[in-house]
Amino acid sequence: METRPVSTRISAENASGDGLRRVMGPVSATSIVIGAIIGVGIFFTPTNVARIAGSTHLAMWTWAAGGFVALLGALTFAELGGMYGRTAGQYEILRDAYGPLVAFCFSLCNACAIIAGGTAIISIVCAENLWAAVTGGTAPALVAVWLPAVLLLAVAGANAIGVRWGAAIQNITVMAKVGALLLVVAIAVAVAPHAGAPAGATAPAGSTASRLFAGMVPTLFAFGGWQYALWVAGEVRNPRRDVPLSILVGVAVVIAVYLVVNWAYLHLLGYDGVVNSHALAADAVSARW
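Bear in mind the structure is a predicted one, so any value in this text is a computation, not a measurement.

Chemist: Which residues make up the overall build of the chain, and what values go with them?
Modeler: Helix and strand counts for the chain come out as 11 helices and zero strands. Moving toward the C terminus, one meets the helices and strands of the chain in the order α-α-α-α-α-α-α-α-α-α-α. Each of the 289 residues in the chain was classed as buried or not, and the buried ones make up 39%. At a minimum sequence separation of 6, the contacts of the chain that also span at least 24 residues come to 79%. Counting only carbon and sulfur atoms, one obtains 71% of the accessible surface of the chain, whose full area is about 15100 Å².

This is the structure in structure tokens:
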């Protein structure tokens, strides 16, 4: 007969094997996937993709091919996410498949280089754009150094307070990013194509296939991030159902958003405008006026 207090039993039922509280539902888990994928890449990668592809049509096919590869990866991680319903799932998967040394080396490189570098780039870009939005100018050198660090500390502090705070911030930022991209799409739907924009340009050297595969390299940078759902599986209420679901739904949403946003960039700026742009979203919106 269960003799523990009701509150203790509820806490135990809501906790994962490593003591973490399972408080996130499928919406928060999906937001993590979408937020991890949609970063700064979609705001500058299309320029490189279009330049490599050499035409508007091949640029769009390149993004579609990159999305297909991302979907294959998502299907793989969705299957693994259903098998490993605990936090640090990537480490455990690599440990079980290749041994603890490979798993440790991957985790060390991931924490010290891959994620650290990516997070630093994102924080710098966010700080620069935040300063420009508030002041209308370029951030001074001292601000450019310290503002990204302050933003990182603020987000880290919110997550340290509790999972619900971190999930709330994630949900808000995801809606803001997707909303901004869809705003560009809405403007593109409402206006005529860029006057005088060529359907393409003289293609770079190389076959169509070689340009397609070369262009896929930067698209995969923009599509990466679906694997992060495995990191928080220990804090998801029903990880065996919600982790695979969040990965598949999240990647599908991102593929759709990326395709329509790239169409909007090309529609508003034309091929030459996309290739020569240094701030795609801002240039695309300003092209309306």
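Chemist: Outline empty space enclosed by the protein, listing residues and values.
Modeler: Think of a ball as big as a water molecule: rolled over the atoms, this probe shows where empty space is left. Overall, the coordinates contain one cavity of 30 Å³ or more when judged by the stated rule. In this structure, the largest cavity spans a volume of roughly 40 Å³. In terms of lining, the largest cavity is formed by Pro46, Ala50, Ala59, Trp63, Asn262, Tyr265, Leu266 and Val274. Where the lining of the largest cavity is concerned, the elements lending two or more residues are α3 (45-53), α4 (56-83) and α10 (239-275). With four residues, α10 is the single largest residue contributor to the lining of the largest cavity.

Chemist: So what's going on with the side chain of Ser246? Which residues, and what values?
Modeler: On the secondary structure map, Ser246 appears in helix α10. Judged by relative accessible area, which is 1%, Ser246 ranks as buried. Engagement of the side chain of Ser246 in a polar contact is seen with the backbone oxygen of Val243, the distance being 2.8 Å. Beyond its immediate sequence surroundings of up to four residues, Ser246 is in contact with Pro26, Ala29, Thr30, Val33 and Ala229.

Chemist: Please provide a residue-by-residue account of the packing of α4 against α10, values included.
Modeler: Interhelical geometry of α4 versus α10 gives an angle of 170° and a closest axis separation of 8 Å. What the angle tells us is that α4 and α10 run roughly antiparallel. For the contact of α4 with α10, the residue count by class is 22 nonpolar, five polar and one charged.

Chemist: I'd love a proper account of the side chain of Asn110, names of residues and values included.
Modeler: Inspection of the secondary structure puts Asn110 in helix α6 (residues 100-135). What makes Asn110 buried here is its relative accessible area of 9%. Excluding residues that lie within four positions of it along the chain, Asn110 makes contacts with Ile115, Ala116 and Trp231.

Chemist: Help me get a handle on the pattern of salt bridges, residues and values and all.
Modeler: Close approach of charged atoms allows side chains of opposite charge to pair. What the rule picks out here adds up to two salt bridges. Two residues, Arg95 and Asp96, come together in a salt bridge whose shortest N-O distance is 3.2 Å. On the basis of relative accessible area, Arg95 is assigned to the partly exposed category, the value being 33%. Accessibility expressed as a relative area gives 45% for Asp96, which makes it partly exposed.

Chemist: Give me the lowdown on the nonpolar core, citing residues and values where you can.
Modeler: Counting residues in hydrophobic clusters, the biggest one holds 56 residues, and the most contacted among them are Ile38, Tyr258 and Tyr265. Every element with two or more residues in this core is listed here: α2 (26-37), α3, α4, α8 (163-190), α9 (208-223), α10 and α11 (280-286). Per-element accounting of this core gives the leading share, 16 residues, to α10. For Tyr258, the contacting residues outside a window of four places in its chain are Ile37, Ile38, Gly39, Ile42, Trp63, Ala222 and Phe223.

Chemist: Hey, could you go over α3 for me, with residue numbers and the actual values?
Modeler: Counting along an α-helix, one turn takes 3.6 residues, and residues three or four places apart therefore face a common direction. When we look at burial in α3, the residues that qualify are Thr45, Pro46, Thr47, Val49, Ala50 and Ala53. Taken from the residues just after α3, Gly54 is the one with a positive phi, measuring 85°.

Chemist: How would you summarise α2 if you had to cite specific residues and measurements?
Modeler: Between its terminal C-alpha atoms α2 stretches 17 Å, which fits the 16 Å expected from 12 residues at 1.5 Å a residue. Where burial is concerned, most of α2 is hidden: nine out of the 12 residues are buried. Listed in full, the buried residues belonging to α2 are Ser28, Ala29, Thr30, Ser31, Ile32, Val33, Ile34, Gly35 and Ile37.

Rules and cut-offs
Residues numbered from 1 in each chain as written. Predicted model: local features only at pLDDT ≥ 70, side-chain atom pairs only at ≥ 80, totals over all residues. Heavy atoms only, no water. Helix = DSSP H or I, 4+ residues; strand = E, 2+ residues; numbered from the N terminus. Buried < 20%, exposed > 50% of the residue type's maximum accessible area, 1.4 Å probe, protein only. Contact = heavy atoms within 4.5 Å. Areas by Shrake-Rupley, 256 points an atom, 1.4 Å probe, with all protein chains shown as cover. 1 Å grid on protein atoms, 1.4 Å probe; cavity = no way out; pocket = protein on both sides within 12 Å on 5 of 7 lines; lining within 4 Å. Points joined across faces, edges and corners; volume = space filled by probe spheres on them. Polar contact = N/O pair within 3.5 Å; in protein donor to acceptor, adjacent residues only side chain to side chain. Axes fitted to C-alpha atoms, helices over the stretch in contact; angles between N-to-C directions. Parallel < 35°, antiparallel > 145°, perpendicular 65-115°, else oblique. Nonpolar A, V, L, I, M, F, W, Y, C, P; charged D, E, K, R; others polar. Salt bridge = Lys/Arg side-chain N within 4 Å of Asp/Glu carboxyl O. Core = buried A, V, L, I, M, F, W, Y, C linked by side-chain atoms within 4.5 Å. Expected span 1.5 Å × (residues − 1).

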